[in-house]
Amino acid sequence: MTSQQIISVYEKVADLSTRMLHAARAGEWDRLVALESDCALHDETLRLHEEPMLMRQQDQDAAVRMASKAMAKASASAASVK
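Presented here is a report on the structure given in the accompanying data block. Note that the structure is a prediction, hence the values are computed from the model and not measured.

### With respect to the environment of Met 20
- Mapped onto the secondary structure, Met 20 falls in helix 1 (residues 3-25).
- Here Met 20 falls in the buried class, since its relative accessible area comes to 8%.
- Linking Met 20 and Leu 32, residues twelve residues apart in sequence, is a C-alpha distance of 5.4 Å.

### Examining the nonpolar core
- The biggest cluster of nonpolar side chains holds 19 residues, and the ones touching the most others in it are Tyr 10, Met 20, Leu 32, Leu 35, Cys 39 and Leu 46.
- At the level of elements, helix 1, helix 2 (29-49) and helix 3 (57-81) are the ones that each hand at least two residues to this core.
- The element best represented in this core is helix 1, accounting for ten residues.

### Here's the deal with the packing of helix 1 against helix 2
- Direction vectors running N to C along helix 1 and helix 2 enclose 165°, while the axes themselves pass 9 Å from each other. In terms of axis orientation, helix 1 runs roughly antiparallel to helix 2. By crossing handedness, the relation of helix 1 to helix 2 is classed as left-handed. Mapping the contact onto sequence places Ile 6, Val 9, Tyr 10, Lys 12, Val 13, Leu 16, Arg 19, Met 20, Ala 23 and Ala 24 in helix 1 and Trp 29, Arg 31, Leu 32, Leu 35, Glu 36, Asp 38, Cys 39, His 42 and Leu 46 in helix 2.
- Of the residues in the contact of helix 1 with helix 2, the class split is 13 nonpolar, one polar and five charged.

### Things to note about helix 2
- Between its terminal C-alpha atoms helix 2 stretches 30 Å, which fits the 30 Å expected from 21 residues at 1.5 Å a residue.
- All of the buried residues in helix 2 are Leu 32, Leu 35, Cys 39 and Leu 46. Relative to the axis of helix 2, the buried residues are bounded by an arc of 70° and lie together on one face. What points out from helix 2, more than 90 degrees from its buried face, is the exposed set Asp 30, Leu 41 and Leu 48.

Rules used throughout
Residues numbered from 1 in each chain as written. Predicted model: local features only at pLDDT ≥ 70, side-chain atom pairs only at ≥ 80, totals over all residues. Heavy atoms only, no water. Helix = DSSP H or I, 4+ residues; strand = E, 2+ residues; numbered from the N terminus. Buried < 20%, exposed > 50% of the residue type's maximum accessible area, 1.4 Å probe, protein only. Core = buried A, V, L, I, M, F, W, Y, C linked by side-chain atoms within 4.5 Å. Axes fitted to C-alpha atoms, helices over the stretch in contact; angles between N-to-C directions. Parallel < 35°, antiparallel > 145°, perpendicular 65-115°, else oblique. Left-handed = near helix turned anticlockwise from the far one by under 90°. Contact = heavy atoms within 4.5 Å. Nonpolar A, V, L, I, M, F, W, Y, C, P; charged D, E, K, R; others polar. Expected span 1.5 Å × (residues − 1). Arc of directions from axis to C-beta.

Here it is, written out as structure tokens:
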């Protein structure tokens, strides 16, 4: 995968995390489960296809921002369900 493709996957995960949060807050549990499945597929894509590479600093920063955003939203989603 190119660095742009990796960033794109992280952006998709961040978007899914936002949608998961909204589904959890609305009590839409079936929708939440479906979104979690989509998120897991993207995670698996990264795990299987992300090759060790030297990324430009700008791309590394963008990937870290997207990953951090996705994790924060997932955490907020889990906290709102409790």
